[in-house]
Amino acid sequence: MDGFTYTANPTRVVFGAGTLQHLAREIDALGARRALVLCTPEQIDAAQRVAMLLGERAAGIFPRAAMHVPIETARQARAEAQRLGADCAVAIGGGSTTGLGKAIALDSGLPILAIPTTYAGSEMTPIYGLTEGGLKKTGRDARVLPRTVIYDPELSLTLPLGMSVTSALNAIAHAAEGLYAHDGNPITALMAQEGIRALAAALPRLASDARDLDARSQALYGAWLCGSVLGAVAMGLHHKLCHTLGGSFGLPHAEVHTVILPHALAYNASHAPEAMARIARALGAHDAAQAVFDLAAAHGAPTSLRAIGMPEGGLDRAADLAATTPYPNPRPLERAALRALLQRAFDGAKPQS
Ligand code: NAD
């Protein structure tokens, strides 16, 4: 076995149906007394439940989390935390809400307790994003890594099936790219393969009953593993393309991941055979890229950029952007091949290795 370096992120994880009831205990364990609860406007009910469970430990609710963390929202939330004398933040929701918590932590060092209700995986990473003047900047900082994560699958029962599928594919993308990351290692590979397996196994069960609690637990467990991979190793072409398409063309996050992943895997397949074999094995298939495409299609997820609002006239610029910024990827970045990849993704064609 080759040597490797692995840095574990020190998050405490509390997992299981009904674990939200341990919230007050977990706030005490952080040594905190006054929590600002963060949520999107759509999840105010969940935030109110959290505030109720916190009782006197609740400082208030900030219900204005939004996609890609606009800097103005981050500033308002930071000011609110200060005004209320909050000594920690509780983020209940998907990646957007966790992202707002991270923006507060980046500035103030306040500890974050995250309660994820999607499969995006942000809660397991020290990666933050902030959008200013239409430009999203991302970075890594140990201060933004949530100190505690409560994974309670009961809270994901309300996630609509369509979002559950695209969010699961978003998670699978972290693990898939982690398997060919230049700084990957046997530990992240284990987590990645098991994460993909758990999510892919959960999807057909959720399709027949979106309120199947055991399937929700499997999916959330998979999402945790995939998020851990994202937090531990560098991502490649797929994440770069999604960042470009999301940032420059305003395409929805989980849907872009869903559409691009089969094509990014096909692009890299010849340069990462071991990773492809592991992904295929986790999906019980022969060809990784095709299996991911089939998984999305079988569950009614979008399979074309056209369907999620990409203007065809933007494909050239997207290819330019993806080809010009240097980033680690198993296969060298060839502009013509990237442009062809984007066209296939735009048309909803099958992935082509
Ligand atoms: P999201 O957080 O934007 O949520 C989408 C919508 O679904 C929101 O209205 C939300 O309130 C709602 N929702 C969430 N959970 C629900 C539930 N259980 N029931 C009903 N409604 C629910 O979507 P997301 O895909 O989780 O996150 C996307 C964002 O996270 C992007 O900005 C992305 O860049 C970021 N992200 C960051 C990281 C990181 O490591 N920094 C990782 C993954 C994603």
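Residues numbered from 1 in each chain as written. Predicted model: local features only at pLDDT ≥ 70, side-chain atom pairs only at ≥ 80, totals over all residues. Heavy atoms only, no water.

*Asks:* Summarise the site of the ligand; cite the residues concerned and give the values.
*Replies:* Looking at the ligand, there are 23 residues lining it, with Thr-40, Ser-96, Thr-117, Thr-118 and Thr-125 nearest. Contacts to the ligand include Lys-136, whose side-chain N or O atom sits 2.8 Å from an oxygen atom. A distance of 3.1 Å separates a nitrogen atom of the ligand from a polar atom in the backbone of Leu-155. Considered on its own, the ligand offers 870 Å² of accessible surface; in the complex 85% of this is hidden by protein. Among the elements that take part in the shell around the ligand, helix α4 (residues 95-108) stands out by supplying three residues, more than any other. Classifying every residue of the shell around the ligand gives seven nonpolar, 13 polar and three charged. Looking at which domains feed residues into the shell around the ligand, each of domain 1 (12-156) and domain 2 (161-347) supplies at least three. (Near = heavy atom within 4 Å. Polar contact = N/O pair within 3.5 Å; in protein donor to acceptor, adjacent residues only side chain to side chain. Areas by Shrake-Rupley, 256 points an atom, 1.4 Å probe, with all protein chains shown as cover. Helix = DSSP H or I, 4+ residues; strand = E, 2+ residues; numbered from the N terminus. Nonpolar A, V, L, I, M, F, W, Y, C, P; charged D, E, K, R; others polar. Domains from an automatic or database assignment.)

*Asks:* I'd like to hear about the pattern of salt bridges, residue by residue, with values.
*Replies:* Summed over the entire model, instances satisfying the criterion amount to 15 salt bridges. The closest approach of N and O atoms between Glu-26 and Arg-12, which form a salt bridge, is 2.7 Å. Taken together, the residues span a long stretch of sequence, with Glu-26 in helix α1 (residues 23-29) and Arg-12 in strand β1 (residues 12-15) at a distance of 14 residues. Judged by its relative accessible area of 44%, Arg-12 is partly exposed. We note a salt bridge from Glu-132 to Arg-75, for which the minimum N-O separation is 3.7 Å. (Salt bridge = Lys/Arg side-chain N within 4 Å of Asp/Glu carboxyl O. Buried < 20%, exposed > 50% of the residue type's maximum accessible area, 1.4 Å probe, protein only.)

*Asks:* Account for the pairing of strand β6 (residues 127-132), with residues named and values stated.
*Replies:* Both β6 and strand β7 (residues 135-140) contribute to a ladder of six bridges, which runs antiparallel. Residue pairing for β7: Thr-131 is matched across the bridge by Lys-136. Between the end of β6 and the start of β7, which pair antiparallel, lie two residues, with Gly-133 showing a positive phi angle near 60 degrees. (Pairing = 2+ DSSP bridges.)

*Asks:* Describe the sheet that holds strand β3 (residues 58-62), naming the residues involved and giving the relevant values.
*Replies:* A sheet is described by the order of its strands in space; here six strands give the open sequence β1-β8-β5-β4-β2-β3, paired in parallel fashion. Only two strands of the sheet have a single partner each, and these edge strands are β1 and β3. Within this sheet the neighbouring strands show an average axis-to-axis angle of 15 degrees, counted without direction. Inspection of the sheet shows strand β4 (residues 88-93) paired to strand β5 (residues 112-116) by five bridges, in the parallel sense. Opposite Val-90, over in β5, you have Leu-113 as the bridge partner. Contacting β2 (35-38), β3, β4 and β5, α4 runs over the sheet at an angle of about 165 degrees to β4. (Axes fitted to C-alpha atoms, helices over the stretch in contact; angles between N-to-C directions. Contact = heavy atoms within 4.5 Å.)

*Asks:* Just give me the short version of the layout of surface pockets, but keep the residues and values in it.
*Replies:* Roughly 280 Å³ of volume is contained in the second largest pocket. Lining the second largest pocket are 16 residues; nearest its centre among them are Leu-179, Ala-189, Glu-274, Ala-275 and Arg-278. Every element with two or more residues in the lining of the second largest pocket is listed here: α5 (161-179), α6 (186-208) and α10 (273-283). Here the lining of the second largest pocket takes four residues from α10, the largest share from any one element. (1 Å grid on protein atoms, 1.4 Å probe; cavity = no way out; pocket = protein on both sides within 12 Å on 5 of 7 lines; lining within 4 Å. Points joined across faces, edges and corners; volume = space filled by probe spheres on them.)

*Asks:* Summarise the environment of Arg-317; cite the residues concerned and give the values.
*Replies:* Mapping Arg-317 onto the fold places it in helix α12 (residues 315-324). Residues Arg-317 and Ser-248 lie 69 residues apart in sequence; the distance between their C-alpha atoms is 9.3 Å. Beyond its immediate sequence surroundings of up to four residues, Arg-317 is in contact with Ser-248 and Phe-249.

*Asks:* Before we move on, could you go through the state of the cysteines and cite the residues and values that matter?
*Replies:* Tallied over the entire structure, the rule returns zero disulfides. Between Cys-39, a free cysteine, and Cys-88, which holds the nearest cysteine sulfur, the sulfur-to-sulfur gap is 15 Å. The thiol of Cys-226 is not disulfide-bonded; the next cysteine sulfur, from Cys-242, is found 15 Å away. Of the residues examined, Cys-226 reaches a relative accessible area of 0% and is grouped as buried. (Disulfide = S-S within 2.5 Å.)

*Asks:* Outline the domain arrangement of the protein, supporting the account with residue identities and numerical values.
*Replies:* We note that the domain assignment places domain 1 (12-156) and domain 2 (161-347) within the protein. The C-alpha-based centres of domain 1 and domain 2 are spaced at 25 Å. Between domain 1 and domain 2, the contact holds 21 residues from the first and 25 residues from the second. Here the side of domain 1 that touches domain 2 takes three residues from β7, the largest share from any one element.

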